[in-house]
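Secondary and tertiary structure notes
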Amino acid sequence: GDSVTQMEGPVTLSEEAFLTINCTYTATGYPSLFWYVQYPGEGLQLLLKATKADDKGSNKGFEATYRKETTSFHLEKGSVQVSDSAVYFCALNDNFNKFYFGSGTKLNVKP
Amino acid sequence: GAGVSQTPSNKVTEKGKYVELRCDPISGHTALYWYRQSLGQGPEFLIYFQGTGAADDSGLPNDRFFAVRPEGSVSTLKIQRTERGDSAVYLCASSRDSGEGSYEQYFGPGTRLTVT
């Protein structure tokens, strides 16, 4: 069945460091891919999405490119801030309204 | 505008009791989802409604779990004969059909259920 695997955390970085959080997926069809973020004490929020191969989603300085050949959707940011500290979830939608989430990666950014 | 709301925010119940968890989706959103999130895990799909009908309930773990959405808006997740393993955060999300196959969901804050 469809599934999402993302790197385990926590990931600890200094402010202004480069961030990569790896995400790979398994799907039988052509899913849409998402990154969600959960800030401390808040609910899940959509960060970015990509609906087809080679699409790049971007928001708030974060980017992820839908790579069909490697079945990946890695999250990147060139310069993280303390305010980016949160838990990040990779997810896929099988286009039949069923979503599959990864287990989440906690990011800690130190000043 | 108002987001997705869930009540109660916390629920503590004894093993074997019945509980109901409520979700108020964003007005106008036809799709509604229930998820369960255990500690350190991502949300696990339970059930999806399109309008009043359950379009996909394949994620419900067993027949103790049931959900309704009688008027196509508010939904209630019902758990009978609760077990300690049911302890988790139950999340609700709603979305408007974008027609593009990329349905953006808006999540509620969740209900933390603890079964003692």
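For the structure given in this document, a descriptive report is provided here.

Thresholds, definitions, all that
Residues numbered from 1 in each chain as written. Chains lettered and ligands numbered in written order. Predicted model: local features only at pLDDT ≥ 70, side-chain atom pairs only at ≥ 80, totals over all residues. Heavy atoms only, no water. Helix = DSSP H or I, 4+ residues; strand = E, 2+ residues; numbered from the N terminus. Buried < 20%, exposed > 50% of the residue type's maximum accessible area, 1.4 Å probe, protein only. Lys, Arg positive; Asp, Glu negative; His and termini not counted. Salt bridge = Lys/Arg side-chain N within 4 Å of Asp/Glu carboxyl O. Contact = heavy atoms within 4.5 Å. Core = buried A, V, L, I, M, F, W, Y, C linked by side-chain atoms within 4.5 Å. Pairing = 2+ DSSP bridges.

1. Quick notes on the side chain of Asp94(A)
All names here are of chain A. Relative to the elements of secondary structure, Asp94 occurs in the loop between strand E10 (86-93) and strand E11 (99-101). Salt bridges are absent for the buried Asp94, whose nearest opposite-charge side chain, Lys98, sits at 6.3 Å. Not counting the four nearest positions on each side in its chain, Asp94 is found in contact with Asp2 and Tyr100.

2. Looking at the nonpolar core
The biggest cluster of nonpolar side chains holds 26 residues, and the ones touching the most others in it are Leu19(A), Trp35(A), Leu47(A), Leu48(A), Phe73(A), Leu75(A) and Tyr88(A). Listed in part, the 20 residues of the second largest apolar core include Leu21(B), Cys23(B), Leu46(B) and Phe65(B).

3. Quick word on the pairing of strand E2 (residues 11-14) of chain A
Residue and element names in this part refer to chain A. Side chains Val11 and Leu13 of E2 all project onto a buried face; the interleaved residues Thr12 and Ser14 project onto a face where none is buried. Two elements, E2 and strand E12 (residues 105-110), share four bridges in a ladder whose sense is parallel. Note on E12: the bridge partner recorded for Val11 is Leu107.

4. Section: unusual backbone geometry
That bond from Gly9(A) to Pro10(A) is cis: its omega, 0°, falls within 30 degrees of zero. Along the chain, the position of Pro10(A) falls in the loop between strand E1 (3-6) and E2. Cis geometry marks the peptide bond from Thr7(B) to Pro8(B), where omega comes out at -10°. Along the chain, the position of Pro8(B) falls in the loop between strand E1 (5-7) and strand E2 (10-13). Its identity is not glycine, yet Asp54(A) carries a phi of approximately 75°, on the positive side. Secondary-structure assignment places Asp54(A) in the loop between strand E6 (45-50) and strand E7 (56-59). Of the residues examined, Asp54(A) reaches a relative accessible area of 54% and is grouped as exposed. Although it is not a glycine, Thr71(A) sits at a positive phi angle of roughly 45°.

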